[in-house]
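Fold and geometry: a report
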Amino acid sequence: MPPKSSKLGPGGLTIGATGSPREFGAQLTKCALTPDTSFEDDIPVLSGETQAGDADTTWELSGTLLQDYEVDSLEDFCFQNRLQELPFVFVPSRSGARSYSGVVTITPITVGGDVKTRNTSDFTFRVIGEPTPGEVD
Amino acid sequence: MSAPRVERALEIVEEIRASLEEAGLSDVLVTLDGSKIAAAARLSAGGAIHIRPPSLKFPTHSHTFATWTIVIVYGTPTEQVASWTRLDEIIAAIAPDLDVTVAQPSSWEGKPPPPAYELTFTD
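All values reported here derive from a predicted model rather than from experimental measurement.

Before going further, it helps to examine the overall build of chain B. Regarding its fold elements, chain B presents 3 helices and 6 strands. Listing the helices and strands of chain B from first to last along the sequence gives α-β-α-β-β-β-α-β-β. What you see for chain B is a C-alpha radius of gyration of 15 Å, in line with the 14 Å of a compact globule of 123 residues. Each principal axis of the C-alpha atoms in chain B carries an extent, and together these give about 50 × 30 × 25 Å.

In structure tokens, the structure reads:
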């Protein structure tokens, strides 16, 4: 079987309630849905066997966006919706089949940076529970 | 056919000409044609500015950032102060409006190579 590899994009990231979702994709230079799994210590028992420690996975949606300083900017969206729990849909590539959806907690992001520079802002939004894999429409 | 960088280059030419005229330096040649630079850069002329094709970055699928380098050329190495003075006058006239981030001493092709400055800015 030949190896398969895809580039990220063109895709999309929409965040917001149904009917008023906001498209982030056009401003993003980076976007990732990242798991972080932690394991508790294994427990040795009298019989000599080992009880595996509990494992837990949390997720975050992160990326980097181009700042634009307009009143409808994504920096502004993050400020206006700070600490709100909003649904998202992440499509890594529209030429692929997979999408990921879930709910994230929006946090405010950096505005500004170096003078005479096209500044970017990094964001990291906590995913509540787990993302749900889906198929691109 | 769309050639947005060429269209932008022609706009930059006009912007530079306006800045030069405002500074009383309208005898400086501004061109995309490098073959015209040497003649216009002589001490007996006013100086020359060459707009080079920009380097391009595509940080997203919908954005393109163009980094422009324009070269100001004037005089001869044997008349360093006169050459530098004119180059500095031209830089002072055009750099603020272009939002220049770097101006680097350089030289143009020739024997002897005329003094020059390379100015860089990003759209």
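Turning our eyes to something else, we now look at the nonpolar core. Residue and element names in this part refer to chain B. Core analysis: the largest hydrophobic core is formed by 26 residues, its most contacted members being Ile16, Leu20, Ile49, Ile51, Ile70, Ile94 and Leu119. Mapped onto this core, the elements with two or more residues apiece are helix 1 (4–22), strand 2 (48–51), strand 4 (65–73), helix 3 (80–98) and strand 6 (115–122). Top element by residues in this core is helix 3. It accounts for 7 residues.

This paragraph deals with the pattern of salt bridges. Residues and elements named next belong to chain B. By the definition in use, this model includes 8 salt bridges over all chains. Residues aspartate 123 and arginine 8 are paired through a salt bridge, measuring 2.5 Å at the closest nitrogen-oxygen approach. Residue aspartate 123 is located in the segment after strand 6, and its partner arginine 8 is located in helix 1; the two are separated by 115 residues in the primary sequence. On the accessibility criterion, arginine 8 (18% relative accessible area) is buried. The residue arginine 52 makes a salt bridge to glutamate 118 at a minimum N-O spacing of 3.6 Å. With arginine 52 in the loop between strand 2 and strand 3 (55–57) and glutamate 118 in strand 6, this residue pair connects regions lying 66 residues apart in the sequence. Here arginine 52 falls in the partly exposed class, since its relative accessible area comes to 28%. Each member of the salt-bridge network shares a partner with another, and the members are Arg8, Glu11, Glu15 and Asp123.

Residues and elements named next belong to chain A. A surface patch of negative charge is lined by Glu40, Asp41, Asp42, Asp54, Asp56 and Glu130. In this fold, glutamate 130 is placed in the loop between strand 9 (120–127) and strand 10 (132–135). You can call glutamate 130 exposed: its relative accessible area is 54%.

On to the pairing of strand 6 of chain B, then. Residues and elements named next belong to chain B. Relative to strand 6, strand 4 runs antiparallel, the two being bridged by 7 bridges. Looking across to strand 6, one finds that threonine 67 is bridged to threonine 122. In terms of strand pairing, strand 5 (residues 102–107) meets strand 6 through 6 bridges, oriented antiparallel. Across the sheet, residue valine 102 finds its bridge partner in strand 6, namely threonine 120.

In this section: the interface of chain B and chain A. On the chain A side, the residues contacting the 11 residues of chain B number 10 residues. Interface area, chain B with chain A, both sides summed: about 810 Å², of which 62% is carbon and sulfur. Inspection of the chain B/chain A interface yields 1 salt bridge. With a closest N to O distance of 3.9 Å, lysine 116 of chain A and aspartate 99 of chain B form a salt bridge. Seen at the junction of chain B and chain A, the total is 5 residue pairs in polar contact (both at pLDDT 80 or more).

All names here are of chain B. Relative to the helices and strands, alanine 92 resides in helix 3. A relative accessible area of 57% means that alanine 92 is categorised as exposed. For the pair alanine 92 and leucine 20, spaced 72 residues apart in sequence, the C-alpha separation works out to 9.6 Å.

Definitions and limits used
- Residues numbered from 1 in each chain as written.
- Chains lettered and ligands numbered in written order.
- Predicted model: local features only at pLDDT ≥ 70, side-chain atom pairs only at ≥ 80, totals over all residues.
- Heavy atoms only, no water.
- Helix = DSSP H or I, 4+ residues; strand = E, 2+ residues; numbered from the N terminus.
- Rg over C-alpha atoms; globule rule 2.2 N^0.38 Å.
- Core = buried A, V, L, I, M, F, W, Y, C linked by side-chain atoms within 4.5 Å.
- Buried < 20%, exposed > 50% of the residue type's maximum accessible area, 1.4 Å probe, protein only.
- Salt bridge = Lys/Arg side-chain N within 4 Å of Asp/Glu carboxyl O.
- Patch = residues over 30% accessible without salt bridge, like charges linked within 9 Å, V, L, I, M, F, W, Y side chains within 5 Å.
- Areas by Shrake-Rupley, 256 points an atom, 1.4 Å probe, with all protein chains shown as cover.
- Lys, Arg positive; Asp, Glu negative; His and termini not counted.
- Charge placed at Lys NZ, Arg CZ, Asp CG, Glu CD.
- Pairing = 2+ DSSP bridges.
- Contact = heavy atoms within 4.5 Å.
- Buried area = accessible area lost by both parts, 1.4 Å probe.
- Polar contact = N/O pair within 3.5 Å; in protein donor to acceptor, adjacent residues only side chain to side chain.

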